[in-house]
Amino acid sequence: MRAAVLHEIGQDKLDVLDDVEAVGFGPGRVRIRVRATGLCHSDLSAMAGVLPQPGPFVPGHEGAGEIVEVGEGVSHLKAGDRVVVCWLPACGTCPACKRGQTHLCLAGFLNAGTPNFKRPAGDVFGFAGTGTFAEEVVVDAGCAVPIPDDVPFDIAALIGCGVTTGLGAALNTADVEAGSSVAVIGCGGVGISAIQGARLKGAAEIVAVDPVLSRREAALKFGATKAISPDELADAKQSVTAGEGFDYVFEVVGRSATARTAYETTRRGGTLVVVGAGALDDFLQLSMFELFFDEKRILPSMYGGGDVLRSYERAIALWRAGRIDLASLITHRVPLADINEALDQMRTGVALRTCIEI
């Protein structure tokens, strides 16, 4: 079986090999033939060591495909079912799940410590317990979520992470108020999805902030009312909000410096939503006085901040109704053999989302 493998954390290229085997099939597990997978910035972060991930590993966690085989005890799935891969399945029994915060369930993270693949040279892990840059993957049955037949694999793959994360940040975490002002810092696939979510909620002003011109131009097509480079943000704060600051600011980069800028761009009493996944040792500094005096809400948003399965259903319903544009998020397509081309597209910012066709 072919898969793209990172041999050591810190390497910037993947090695596409044909001697990889998906392992772990058994009771409660399913084997999935991956048909499409998106490249998310979190994959790059794991490769660089920003996000903790044991190696060697197969990146990829935003995928969709078909069930090939189901293990004993799996009754809700069968061979041939079309599914989206959920990298953060809810166990249903932990304290977070019982509180209704299924997106905070840790069961999926524990899966990341068990190898999903093997090669003649030894075990290989799958990123976030999945590893969708492969022709097949074996995962817990809860990681395979059925999708309707009318949802293409490439669209389903995006819903598996980026779309759910961005939409949910606006719809669930922030619950953007109609008529409000919004700034989104970082306009890749997740940021564009947050823009679409803010538009759905009726935000009056949506300012897209990104250093890449093509992404700024794309943001306007997806619902932003203004698109600027980072060095224009102070002027936009003045012109759009009379210097007060935005009602909602979404940080979709995952860096403390950007989060600090986002905090300063948020009005007093406003809401900063932290969407970007950053490093363990990158600390955001705030004074106790400003926290008290400004009364700004700081809301981290993990995987869209809501029930994941419900979020999938909502995204599909909005896509079917034409209320959100998912097809246009896919700006590039490459076969698995050219995965390193997709990495370059993400690093340079030319792609919103690259779909890897497997």
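Residues numbered from 1 in each chain as written. Predicted model: local features only at pLDDT ≥ 70, side-chain atom pairs only at ≥ 80, totals over all residues. Heavy atoms only, no water.

- Within an unreviewed UniProt entry, the label attached to the protein reads 2-deoxy-scyllo-inosamine dehydrogenase, and the organism entered is Streptomyces phaeolivaceus.
- One UniProt comment on the protein, placed under Pathway (unreviewed entry), says "Metabolic intermediate biosynthesis; 2-deoxystreptamine biosynthesis; 2-deoxystreptamine from D-glucose 6-phosphate: step 3/4." (UniProt positions renumbered as here; feature names shortened; annotations may be inferred.)

1. Some words on the domain arrangement of the protein
- If you check the domain split of the protein, you get domain 1 (3-161 + 306-357) and domain 2 (166-300).
- The C-alpha centroid of domain 2 is placed 27 Å from the C-alpha centroid of domain 1.
- At the junction of the two partners, domain 1 supplies 20 residues and domain 2 supplies 22 residues.
- Here domain 1 and domain 2 share an interface that buries about 1600 Å² over both sides, 59% of which is from carbon and sulfur atoms.
- Linking domain 1 to domain 2 there are zero salt bridges.
- Our count for the contact surface shared by domain 1 and domain 2 stands at six residue pairs in polar contact (both at pLDDT 80 or more).
- Looking at the side of domain 1 that touches domain 2, the elements that each hand over two or more residues are α11 (308-320) and α12 (339-348).
- Of the residues contributing to the side of domain 1 that touches domain 2, the split by class is 11 nonpolar, five polar and four charged. (Domains from an automatic or database assignment. Contact = heavy atoms within 4.5 Å. Buried area = accessible area lost by both parts, 1.4 Å probe. Salt bridge = Lys/Arg side-chain N within 4 Å of Asp/Glu carboxyl O. Polar contact = N/O pair within 3.5 Å; in protein donor to acceptor, adjacent residues only side chain to side chain. Helix = DSSP H or I, 4+ residues; strand = E, 2+ residues; numbered from the N terminus. Nonpolar A, V, L, I, M, F, W, Y, C, P; charged D, E, K, R; others polar.)

2. Considerations on α12
- Considered for burial, the residues of α12 that qualify are I339, N340, A342, L343, Q345 and M346.
- Looking at the packing, one finds that the buried side of α12 touches β1 (3-5), β2 (15-17), α1 (41-48), α7 (213-221), β18 (330-335) and β19 (353-357).
- Phi turns positive, to about 85°, at G349, one or two residues after α12. (Buried < 20%, exposed > 50% of the residue type's maximum accessible area, 1.4 Å probe, protein only.)

3. So, unusual backbone geometry
- For the peptide bond that leads from G55 to P56, omega is -5°, which places it in the cis range.
- At A128, a position not held by glycine, the phi torsion is positive, near 55°.
- Positive phi is not limited to glycine here, since E295 has a value of about 50°.
- Assignment of secondary structure puts E295 in the loop between α10 (288-294) and β17 (297-300).

4. Quick word on a nonpolar patch on the surface
- Judged by side-chain polarity, F289, F292 and F293 come together as a nonpolar surface patch covering roughly 390 Å² of accessible area.
- Note on placement: F289 falls in helix α10. (Patch = residues over 30% accessible without salt bridge, like charges linked within 9 Å, V, L, I, M, F, W, Y side chains within 5 Å. Areas by Shrake-Rupley, 256 points an atom, 1.4 Å probe, with all protein chains shown as cover.)

5. Things to note about the sheet that holds strand β14 (residues 226-228)
- Strand order in the open sheet made by the six strands is β14-β13-β12-β15-β16-β17, with parallel pairing throughout. Strand pairing shows two members of the sheet lacking a second neighbour, β14 and β17, which therefore form its edges. Strand-to-strand, the axes of this sheet are offset by a mean angle of 15°, without reference to chain direction.
- Across four bridges, strand β12 (residues 181-185) lies against strand β15 (residues 246-251) in parallel orientation. Residue A183 lies in a different strand from β15, and its bridge partner there is V249.
- Contacts from helix α6 (residues 189-200) reach β12 and β13 (205-209) within the one sheet, and its direction differs from that of β13 by about 175°. (Pairing = 2+ DSSP bridges. Axes fitted to C-alpha atoms, helices over the stretch in contact; angles between N-to-C directions.)

6. Digging into the packing of helix α5 (residues 162-174) against α6
- Interaxial distance between α5 and α6 falls to 7 Å at its minimum, and their mutual angle equals 40°. Taken together, the axes of α5 and α6 are oblique relative to one another. Considering the relative orientation of α5 and α6, their crossing is right-handed. Together, G162, V163, T165, G166, L167, A170 and L171 of α5 and V190, S193, A194, Q196, G197, A198 and L200 of α6 make up the contact between the two elements.
- For the contact of α5 with α6, a count of residues per class yields eight nonpolar, six polar and no charged. (Parallel < 35°, antiparallel > 145°, perpendicular 65-115°, else oblique. Left-handed = near helix turned anticlockwise from the far one by under 90°.)

7. Quick notes on the environment of G73
- Within the element layout of this structure, G73 appears in the loop between β6 (62-70) and β7 (82-85).
- Between the C-alpha atoms of G73 and G24, which are 49 residues apart in sequence, the distance is 15 Å.

8. Some remarks on the pattern of salt bridges
- Inspection of the entire model under this criterion finds 21 salt bridges.
- The partner of R31 in a salt bridge is E69, with the nearest N and O atoms 3.3 Å apart. Separated by 38 residues along the polypeptide, R31 in strand β4 (residues 29-38) and E69 in strand β6 bring together distant segments of the chain.
- The exposure class of E69 is partly exposed, given its relative accessible area of 34%.
- When the shortest N-O distance is used, the salt bridge between D344 and R347 registers 3.9 Å. Of this pair, D344 and R347 both sit in helix α12, three residues apart, which is roughly one turn of the helix.

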